[in-house]
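Working through the structure, step by step
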Amino acid sequence: MATFEEKVEKQVEILKQHTFLDPTRDRVFKEIFSKDATLIHFLNAILHLPEERKIVSIERKKPASTLTSAIDVEEVRFDVHAKLNNEEYVDLEMQRATHEDFVDRVELYASQLSIESKIHFDSQRTETEKEDHPYLMPSTYSIWICNFPVRFCECYREELGLFRFSSIGDPDALPVYDKKRYIVVDLCKVDAKVLNLNTAETEWLELFTRMASAKDAPKTKDPVIADVYRRMMVNALEKNFIKEIAAGMVTEAEIKTRIGTARREGREEARLGDAEAFLRDGDSVDRVARVLKLPLEKVQELADKIASGKAQS
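Notes on the overall build of the protein
The secondary structure content of the protein amounts to 11 helices and 8 strands. The C-alpha atoms of the protein give 26 Å as radius of gyration, which overshoots the globular expectation for 313 residues (20 Å, by more than 25%). By the burial criterion, 40% of the 313 residues in the protein qualify as buried. Taking as baseline every contact in the protein between residues at least 6 positions apart, the subset at least 24 positions apart corresponds to 66%. Of the roughly 18700 Å² that the protein leaves accessible, carbon and sulfur atoms contribute 53%. Between the mean site of the 48 positive side-chain charges and the mean site of the 58 negative ones, the protein shows a separation of 3 Å.

Let's talk about the nonpolar core
Counting residues in each nonpolar core, the largest one holds 55 residues, and the members touching the most others are Phe33 and Trp204. Val76, Tyr89, Ala110 and Phe148 belong to the second largest nonpolar core, which has 16 residues in total.

Side note on the packing of aromatic side chains
Evaluation of the coordinates by the stated rule reveals 12 aromatic pairs. Aromatic ring contacts, followed pair by pair, group Phe29, Phe33, Phe42, Trp204 and Phe208 into a single cluster.

Topic: the sheet that holds strand 8 (residues 177-186)
Spatially, 6 strands are ordered 1-4-5-6-8-7 in an open sheet, and the strand pairing comes out mixed. Both outer strands of the open sheet, strand 1 (58-60) and strand 7 (157-162), are each paired with one neighbouring strand and no more. Averaged over all pairs of adjacent strands, the angle between their axes in this sheet comes to 25°, without regard to strand direction. Here 7 bridges tie strand 6 (residues 140-146) to strand 8, and the two strands are oriented parallel to one another. Opposite tyrosine 141, over in strand 8, you have arginine 181 as the bridge partner.

Some details on the environment of tyrosine 177
In this structure, tyrosine 177 sits in strand 8. For the pair tyrosine 177 and glycine 273, spaced 96 residues apart in the sequence, the C-alpha separation amounts to 50 Å. Discounting residues that sit within four places of it in the chain, tyrosine 177 has contacts with Met137 and Leu162.

Reading guide: rules and limits
For every chain, the first residue of the written sequence is number 1, and numbering continues from 1 along that sequence. For a predicted model such as this one, the threshold for reporting local features is a pLDDT of at least 70, and the threshold for listing and counting side-chain atom pairs is 80 or more; totals across whole chains, interfaces and linings nevertheless cover every residue. Side-chain numbers here rest on the full set of heavy atoms in the structure, without hydrogens or water. Under the DSSP-based scheme used, a helix requires at least four consecutive residues in state H or I and a strand at least two consecutive residues in state E, with every element numbered from the N terminus. Restricting the calculation to C-alpha atoms gives the radius of gyration, and the globule rule supplies 2.2 Å times the number of residues raised to the power 0.38. Note on exposure labels: buried denotes an accessible area under 20% of the residue type's maximum, exposed denotes more than 50%, and partly exposed covers the range between, all computed with a 1.4 Å probe on protein chains only. The contact definition used throughout considers only heavy atoms, calling two residues in contact when any of these lie within 4.5 Å. Computed with the Shrake-Rupley method and a 1.4 Å probe, the accessible areas treat only the protein chains shown as cover for residues. Residues scored as positive are Lys and Arg, those scored as negative are Asp and Glu, and His as well as the terminal groups of each chain are ignored. Just so you know, the charge point we use is NZ for Lys, CZ for Arg, CG for Asp and CD for Glu. Joining through side-chain atoms within 4.5 Å is the link that ties buried Ala, Val, Leu, Ile, Met, Phe, Trp, Tyr and Cys residues into a set, and such a set is a nonpolar core. Stacked, tilted and edge-to-face are the three classes applied to pairs of Phe, Tyr and Trp rings, where Trp contributes its six-membered ring and a pair requires centres within 6.5 Å; stacked means planes under 30 degrees apart, edge-to-face means over 60, and tilted covers the rest. At least two bridges found by DSSP between two strands is the condition for calling them paired. All axes are obtained by fitting lines to C-alpha atoms, using only the stretch in contact for helices, and the reported angles, taken between N-to-C directions, cover 0 to 180 degrees.

Below you can see the structure in the form of structure tokens.
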């Protein structure tokens, strides 16, 4: 069986066959937005802000935040966390795969972003300002780029907010609270029609959806987009960085395999519990195995143990 190091080296060789790295991979994503100019360019493209509110500078904030519950202490780690020049805050997240608690995670991160932003916001206000408006909150944007179909997205970009139920169906409805915005980008809904719009936003969408398999960088007059392609070219990157990406890919694959195995084993264990109950009620081994989709030999072994226990008693 191949060692972890051997698997990594094999993955490095696979990556070297590509022209560019996959921008949706965590380490690559963070490297792309390690440049302030790149992050500002993307946010101005995706937030759809009016010209007078365009972002011109950002201040990086700490990526990790601790949550304490009655059960445990865990960490919320933002992919990209920054304060904008207009006193707004942003969390930018890249998600490669969905999970059953995805919407809960979006809300958890947005809520934690609000708390972290409020703490920083108040630290820069005078005592008088805080006494006059103790609950005043800064505006926040929770942005999620998703490389999987998002069930509530009807198009590639959805902006969510807090609305009244009574406003459902009103095309002119405005959010009741407009300081907390959620923007979800569903890359699976990006198509040729969208990309043909030829805007800064669609250049970013093309980058996220096509760069991993592209042979050449697309023609662009945008220096920021061109710079990202240049920086993410495999043959221009240091070997250690490529090896780091490969190690992350191998680790991710192994974790998924272990989780899958644990889930299968957990489900089988639960079914064996049901099988025991059916067998004790007099059901046949063949029928129990067939109905519960269990290996015949395992059900037979369970039946033998039950019979042995009855004989001993």
